[in-house]
Amino acid sequence: MKMICISCPRGCELDVEKNGNEVVVTGNACPRGEEYGRNELVNPTRMVTGLVKVAGMRKPLPVKTARPVPKGAIDAVLFAMHQMTVQLPVKIGDVIIPGVAGTGVDIVATANM
Ligand code: SF4
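Residues numbered from 1 in each chain as written. Predicted model: local features only at pLDDT ≥ 70, side-chain atom pairs only at ≥ 80, totals over all residues. Heavy atoms only, no water.

### Focus on the side chain of Glu40
Phase 1 of the analysis: Mapped onto the secondary structure, Glu40 falls in helix α1 (residues 31–42).
Phase 2 of the analysis: If we skip the residues at most four places from it in the chain, Glu40 touches Met3, Thr45 and Arg46. (Helix = DSSP H or I, 4+ residues; strand = E, 2+ residues; numbered from the N terminus. Contact = heavy atoms within 4.5 Å.)

Given below as structure tokens:
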């Protein structure tokens, strides 16, 4: 499987193959590329950003996952964000949804309101 490493701006083109139980990564210029390629094949994850409603205001609160979540959980994470309404005040880094959608990853605020 071909993929671009997005761990730094260089963007190495990786070739990631499964050889039995072993994952073989080539094309990486540094060890981070090997780790990225392996994770993308075995357990791809993404950071998720979004907006949640604020009680009594039109302007929503921007939020993100504190860590990357499995790609398969992204829809459930976005749904949980959509269902949420927060009360102000909120500071950057405040946990808005703990352990969202069974991932164990918190949704945190990315703005002060
Ligand atoms: S393999 Fe290393 S140098 Fe290449 S894009 Fe990934 S992090 Fe950057």
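Back to the write-up after that little detour.
### Some remarks on the domain arrangement of the protein
Phase 1 of the analysis: By domain assignment, the protein separates into domain 1 (2–42) and domain 2 (46–109).
Phase 2 of the analysis: Taking only C-alpha atoms, the centre of domain 1 and the centre of domain 2 are 29 Å apart. (Domains from an automatic or database assignment.)

### Concerning the environment of Met84
Phase 1 of the analysis: The topology assignment puts Met84 in the loop between α2 (74–83) and β8 (85–86).
Phase 2 of the analysis: Since its relative accessible area comes to 24%, Met84 is described here as partly exposed.
Phase 3 of the analysis: Remark: the alpha-carbon pair of Met84 and Leu51, spanning 33 residues in sequence, is separated by 9.3 Å.
Phase 4 of the analysis: Residue contacts for Met84: discarding those within four places in its chain leaves Val52, Lys53, Ile96 and Ile97. (Buried < 20%, exposed > 50% of the residue type's maximum accessible area, 1.4 Å probe, protein only.)

### Overview of the sheet that holds strand β1 (residues 2–4)
Phase 1 of the analysis: Here three strands make up an open sheet; going across it, the order is β1-β2-β3 and the pairing antiparallel. Strands at the two margins of the open sheet, each flanked by one partner only, are β1 and β3 (22–26). If you compare each strand with its neighbour and ignore which way they point, the axes differ by 30 degrees on average.
Phase 2 of the analysis: The pairing of strand β2 (residues 13–19) with β3 spans five bridges and is classified as antiparallel. Looking at β3, one finds that Glu17 is bridged to Val24. (Pairing = 2+ DSSP bridges. Axes fitted to C-alpha atoms, helices over the stretch in contact; angles between N-to-C directions.)

### Describing the sheet that holds strand β5 (residues 49–54)
Phase 1 of the analysis: Taken together, five strands build an open sheet; the order of strands is β8-β5-β6-β10-β9 and the sheet is mixed. Only two strands of the sheet have a single neighbouring strand rather than two, namely β8 and β9 (95–97).
Phase 2 of the analysis: Both strand β6 (residues 61–65) and strand β10 (residues 107–109) contribute to a ladder of three bridges, which runs antiparallel. Looking across to β10, one finds that Thr65 is bridged to Ile107.

### Quick look at the pairing of β2
Phase 1 of the analysis: Where β1 lies against β2, three bridges are found, and the strand directions are antiparallel. By the bridge assignment, Met3 is partnered in β2 with Leu14.
Phase 2 of the analysis: The turn linking β2 back onto β3 is made up of two residues, and Gly20 within it adopts a positive phi angle of 70 degrees.

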